[in-house]
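Understanding the architecture of this molecule
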Amino acid sequence: MTQQSIVQLRNVTKTIGGKTIINRVSFDVYGGEVFGFLGPNGAGKTTTIRMIVGLMKLTDGDVLIEGKSIKSDFEGAVKQVGAIVENPEMYKFLSGYKNLLHYARMYKGISREKIDEVVKLVGLENRINDKVKTYSLGMRQRLGIAQSLLHDPKVLILDEPTNGLDPAGIREIRDYIRRLARERGMAVIVSSHLLSEMEMMCDRIGIIQKGKLIDVQSMHDFVSTKGELFNLLVENPQEARTKVLEHNPSWTVEVLEQSLVINMTKEDIPALVRFCVASNIDVYGISPATKTLEDRFLEVTAEEGVASNG
Amino acid sequence: MVNLIRNEWMKIMHRPGTYVMAGLLILAVIGSTVITLFINSSGGTEDAAWQQQLQAENEQIKMTIETGENDFYVPSAEGALAINEYRLDNDIAPNDRDSMWTYLENISFLIAIVGLFAIITASGIVAGEFSWGTIKLLMIRPIARWKILLSKLLTVASFGIVFIGILIALSMLLGVIFFDGGSAVHLTYANGAVEEGNIVPYLLKIYLYNSIDVILLTMMAFMISAVFRNSSLAIGISLFLYFVGGSATAFIAAYYDWAKYSLFANTNLALYEMGMPVVEGMTMTFSVIMILIYLSLFIVLAFTVFTKRDIAA
Ligand SMILES: Nc1ncnc2c1ncn2[C@@H]1O[C@H](COP(=O)(O)OP(=O)(O)O)[C@@H](O)[C@H]1O
Ligand SMILES: [Mg+2]
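Residues numbered from 1 in each chain as written. Chains lettered and ligands numbered in written order. Predicted model: local features only at pLDDT ≥ 70, side-chain atom pairs only at ≥ 80, totals over all residues. Heavy atoms only, no water.

What follows concerns the side chain of T162(A). With respect to the helices, strands and loops of the structure, T162(A) is situated in the loop between β7 (155-159) and α6 (167-184). When its relative accessible area of 5% is taken as the criterion, T162(A) is described as buried. (Helix = DSSP H or I, 4+ residues; strand = E, 2+ residues; numbered from the N terminus. Buried < 20%, exposed > 50% of the residue type's maximum accessible area, 1.4 Å probe, protein only.)

Attention now moves to helix α10 (residues 269-278) of chain A. Along an α-helix, residues three or four positions apart point the same way, because every turn accommodates 3.6 residues. Residues and elements named next belong to chain A. Within α10 the residues assigned to the buried category are I269, L272, F275 and C276. Down the axis of α10, the smallest arc covering the buried residues is 125 degrees, so these residues share one side. More than 90 degrees from the buried face of α10, the exposed residues found are R274, V277 and A278. Those residues of α10 that are buried are in contact with β11 (228-234), α9 (237-247), β13 (259-264) and β14 (283-289). Looking one or two places after α10, you find N280, whose phi comes out positive at around 60 degrees. (Arc of directions from axis to C-beta. Contact = heavy atoms within 4.5 Å.)

Take the sheet that holds strand β12 (residues 253-256) of chain A next. Residue and element names in this part refer to chain A. Taken together, the four strands give an open sheet; going across it, the order is β12-β13-β11-β14, and neighbouring strands pair in antiparallel fashion. Unpaired on one side and paired on the other, β12 and β14 mark the two borders of the sheet. Averaged over all pairs of adjacent strands, the angle between their axes in this sheet comes to 25 degrees, without regard to strand direction. Here four bridges tie β12 to β13, and the two strands are oriented antiparallel to one another. Residue pairing in the sheet places V255 in a bridge with L260 of β13. The strands that α9 touches are β11, β12 and β13; relative to β12, the one it contacts most, it runs at about 170 degrees. (Pairing = 2+ DSSP bridges. Axes fitted to C-alpha atoms, helices over the stretch in contact; angles between N-to-C directions.)

What follows is about the nonpolar core. Counting 160 residues, the largest nonpolar core has L100(A), I115(A), I157(A), I189(A) and F222(B) as the members making the most contacts within it. Among the elements that take part in this core, helix α9 (residues 199-228) of chain B stands out by supplying 18 residues, more than any other. When residues no more than four places from it in sequence are discounted, the contact partners of I157(A) are I49(A), I52(A), V53(A), V81(A), G82(A), A83(A), I84(A) and I189(A). Counting 15 residues, the second-largest nonpolar core is a separate cluster that includes L232(A), V234(A), V253(A) and M264(A). (Core = buried A, V, L, I, M, F, W, Y, C linked by side-chain atoms within 4.5 Å.)

Taken together, the side chains of K68(A), K79(A), K108(A) and K147(B) present a region of like positive charge at the surface. Within the fold, K68(A) resides in strand β5 (residues 68-69). Judged by its relative accessible area of 38%, K68(A) falls in the partly exposed class. (Patch = residues over 30% accessible without salt bridge, like charges linked within 9 Å, V, L, I, M, F, W, Y side chains within 5 Å. Areas by Shrake-Rupley, 256 points an atom, 1.4 Å probe, with all protein chains shown as cover. Salt bridge = Lys/Arg side-chain N within 4 Å of Asp/Glu carboxyl O. Lys, Arg positive; Asp, Glu negative; His and termini not counted. Charge placed at Lys NZ, Arg CZ, Asp CG, Glu CD.)

On to the site of ligand 1, then. Taken together, I16(A), I21(A), P40(A), N41(A), G42(A), A43(A), G44(A), K45(A), T46(A), T47(A) and A312(B) form the complete shell of residues around ligand 1. Taking T47(A), its side chain carries an N or O atom lying 2.5 Å from an oxygen atom of ligand 1. Protein coverage of the free-state accessible area of ligand 1, which is 560 Å², stands at 63%. Ranked by residues supplied to the shell around ligand 1, first place goes to helix α1 (residues 45-52) of chain A with three residues. Looking at the shell around ligand 1, its residues break down into five nonpolar, five polar and one charged. (Near = heavy atom within 4 Å. Polar contact = N/O pair within 3.5 Å; in protein donor to acceptor, adjacent residues only side chain to side chain. Nonpolar A, V, L, I, M, F, W, Y, C, P; charged D, E, K, R; others polar.)

Moving on: a nonpolar patch on the surface. A surface patch of nonpolar side chains, amounting to about 680 Å² of accessible area, comprises F251(B), Y255(B), Y256(B), W258(B) and Y261(B). Following the sequence through the fold, F251(B) ends up in helix α10 (residues 231-253).

Another point: the sheet that holds strand β8 (residues 187-192) of chain A. Residue and element names in this part refer to chain A. Taken in spatial order, the six strands line up as β6-β7-β8-β3-β9-β10 in an open sheet, and their pairing is mixed. Each edge of the open sheet carries a strand with a single partner, namely β6 (81-84) and β10 (212-218). Within this sheet the neighbouring strands show an average axis-to-axis angle of 15 degrees, counted without direction. Here strand β3 (residues 34-38) pairs with β8 via five bridges, running parallel. If you follow F37 over to β8, its bridge partner there is S191. Against the sheet, helix α5 (residues 137-149) makes contact with β6 and β7, and its axis sits at roughly 165 degrees relative to β6, the strand it touches most.

This part covers the domain arrangement of chain A. Segmenting chain A into domains produces domain 1 (5-223) and domain 2 (229-288). Taking the mean C-alpha position of each, domain 1 of chain A and domain 2 of chain A sit 45 Å from one another. (Domains from an automatic or database assignment.)

Residue and element names in this part refer to chain B. Direction vectors running N to C along helix α6 (residues 111-132) and helix α8 (residues 145-178) enclose 155 degrees, while the axes themselves pass 10 Å from each other. Considered as vectors, α6 and α8 are oriented roughly antiparallel to each other. Remark: the crossing between α6 and α8 carries right-handed chirality. Across the interface between the two elements, I111, V114, F117, A118, T121, A122, I125, V126 and E129 of α6 pack against L149, K152, T155, V156, F159, G160, F163, I164 and L167 of α8. Classifying every residue of the contact of α6 with α8 by side-chain character gives 13 nonpolar, three polar and two charged. (Parallel < 35°, antiparallel > 145°, perpendicular 65-115°, else oblique. Left-handed = near helix turned anticlockwise from the far one by under 90°.)

Residue and element names in this part refer to chain B. Confidence in the prediction for chain B averages 84 pLDDT; 95% of positions are at 70 or higher. Per-element confidence in chain B ranges from a low mean pLDDT of 72 for helix α4 (residues 74-90) to a high of 95 for helix α1 (residues 2-13). Reported for the predicted complex are a pTM of 0.83 and an ipTM of 0.84. (pLDDT = per-residue confidence, 0-100.)

What follows deals with the pairing of strand β4 (residues 60-65) of chain A. Residues and elements named next belong to chain A. Bridging between strand β1 (residues 5-16) and β4 involves five bridges; their strand directions are antiparallel. Bridging across to β4, R10 finds its partner in D62. Across two bridges, β4 lies against β5 in antiparallel orientation. Bridge pairing links I65 to K68 in β5. Adjacent in sequence and paired antiparallel, β4 and β5 are bridged by two residues, among which E66 carries a positive phi angle near 50 degrees.

We now examine the interface of chain B and chain A. Of the residues lining the interface, 29 residues belong to chain B; the matching set on chain A comes to 29 residues. Buried area between chain B and chain A, both sides added, is near 2,900 Å², and the carbon and sulfur share of it is 58%. Contact with chain A buries area across many residues of chain B, yet I140(B), R141(B) and P142(B) alone supply 23% of it, more than any other trio. Applying the counting criterion to the chain B and chain A interface returns three salt bridges. Here D310(B) makes a salt bridge to K14(A), at a shortest N to O gap of 2.4 Å. Where chain B packs against chain A, one counts 18 residue pairs in polar contact (both at pLDDT 80 or more). Within the residue set of the side of chain B that touches chain A, elements represented by two or more residues are α1, α6, α7 (135-138), α8 and α12 (284-308) of chain B. Here the side of chain B that touches chain A gets six residues from one element, more than from any other, and that element is α1(B). (Buried area = accessible area lost by both parts, 1.4 Å probe.)

Quick look at the structure:
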């Protein structure tokens with residue numbers, strides 16, 4: 001990658017009461033990319049995020065933001081971070097505008113124009129002077145994003161930003177996130193326990209389970225693994241499976257209803273068809289199949305020998 | 001720091017509770033004033049005779065000193081006697097209950113209400129951020145934690161000052177309207193001589209003395225709020241001690257000497273002027289030092305725990 005690494009996690013570890021909740025997590029996030037932090041509930045996403053933004057101390061390891069350590073230079077590091085940790089909790093008795101003013105006052109030199117600008121970006125102009133207690137969850141989420149952008153940070157961290165939103169709200173958040181990464185070159189970290197959302201949002205994905213980072217890959221690689229999948233619609237799948245495995249024992253062949261799901265390449269198809277004809281397997285159709293993100297996720301977590309319950 | 005305090009005040013000014021508290025304080029001042037006026041007007045008239053009254057009082061004091069009954073503290077009795085005689089000799093009438101100065105002195109008991117509100121505010125100012133969940137957005141700013149806590153502490157202090165200000169300003173206004181001017185001369189007795197002084201510094205001292213337990217308990221509430229992050233706990237413990245701490249300490253002090261190290265044995269500095277320390281042998285200096293020790297303890301606890309502990313709320 002040609003971009004600069006803006007966020008660096010180095011062996012981040014958290015132990016609470018003798019229990020290791022986060023275990024040597026390391027990854028980098030680059031400018032202009034959306035990094036998905038994926039894992040089932042209780043995996044440690046929020047705890048990791050709390051450490052990145054300095055709400056929790058690291059038991060071991062370090063977090064560097066633009067090269068500044070959150071441990072030794074908290075103010076320098078956190079200056080470049082905008083975040084929502086868990087729910088976007090605001091002062092409900094204040095208006096949206098006063099909430100923004102409150103946080104704006106905690107930085108040097110944020111003008112009223114800047115506040116107006118972020119309000120416009122998240123499309124809250126009409127309701128910004130209403131009290132937050134009258135806001136819907138989606139509006140609160142947008143206000144949350146607005147407060148995280150006040151100081152033009154290089155890093156944006158959103159913890160389960162689509163939680164509880166309806167599809168339109170989810171889409172809206174997704175569009176903001178993509179825009180911020182593309183147009184402003186921000187490094188965006190988005191956590192989620194929902195795979196389907198990640199697929200549309202993220203460039204890269206890190207999977208965390210039981211406090212361990214078990215895989216980091218680009219979204220593209222993650223979805224389409226080496227070798228492709230093909231569906232082979234046959235008369236008698238069980239019998240066909242045995243025969244196909246005789247033809248090529250290195251393939252993984254699974255039975256899915258009336259078809260076989262075979263892990264092979266396109267070049268293998270003609271030979272397979274000839275084999276089927278020769279072995280009296282009646283073929284009704286062959287079609288490419290992509291693994292869903294869900295499948296991949298279950299696969300990856302299963303490899304770790306733990307059942308996922310995300 | 002100024003911006004942080006402005007933020008805290010913005011939050012205070014947007015909560016209805018603040019206005020309820022200010023309203024209750026104003027009602028309390030007006031109510032006490034009405035009751036005072038009512039009692040004053042229903043009592044018998046005794047204007048002309050202040051000289052006779054003082055003489056009668058002096059006779060009694062003399063008898064008390066001679067018989068030495070009731071462990072009456074002799075120096076303060078002598079002081080009262082000397083001051084009364086000074087009044088008679090120099091024709092300086094004591095301020096009676098219709099006087100504005102007497103009213104202002106008596107109304108100082110309402111500092112207890114300011115104390116109540118200051119404790120409530122101090123209990124919520126840190127813990128509230130935790131219960132609202134806003135602490136997470138507050139603490140991810142490029143501002144050291146101790147500065148945020150200090151801004152909250154200064155806000156509580158300014159809140160107390162504003163409320164005391166309301167109390168004083170309103171009672172002065174009502175005092176000027178509804179009470180007599182009286183005499184602004186205040187007599188003190190020291191080293192065998194009576195001295196004339198202005199009453200204003202004396203009143204300020206009364207208000208300060210009355211504020212000491214309020215300040216300490218507000219600080220304690222703030223500390224509990226910052227350490228345990230729970231406003232009910234802070235309000236509960238502080239108010240409980242506020243209301244029973246004094247009498248419990250007085251009770252313990254009757255049996256045990258160590259009671260002198262308790263917070264409440266040291267908050268009433270006026271006792272030293274009356275010559276009645278809670279435990280024999282305690283001095284004003286001792287109490288001032290104890291007060292400072294307690295204050296520092298609360299501050300150190302609040303700041304170390306708040307800056308160190310993880311925010312997992
Ligand atoms: N303050 C804490 N004390 C003890 N355990 C905690 C604390 N906070 C979180 N945990 C535990 O750490 C694990 C990770 O939690 P969390 O980071 O909230 O997961 P996620 O955000 O991925 O759902 C959970 O098993 C949770 O029970
Ligand atoms: Mg979480």
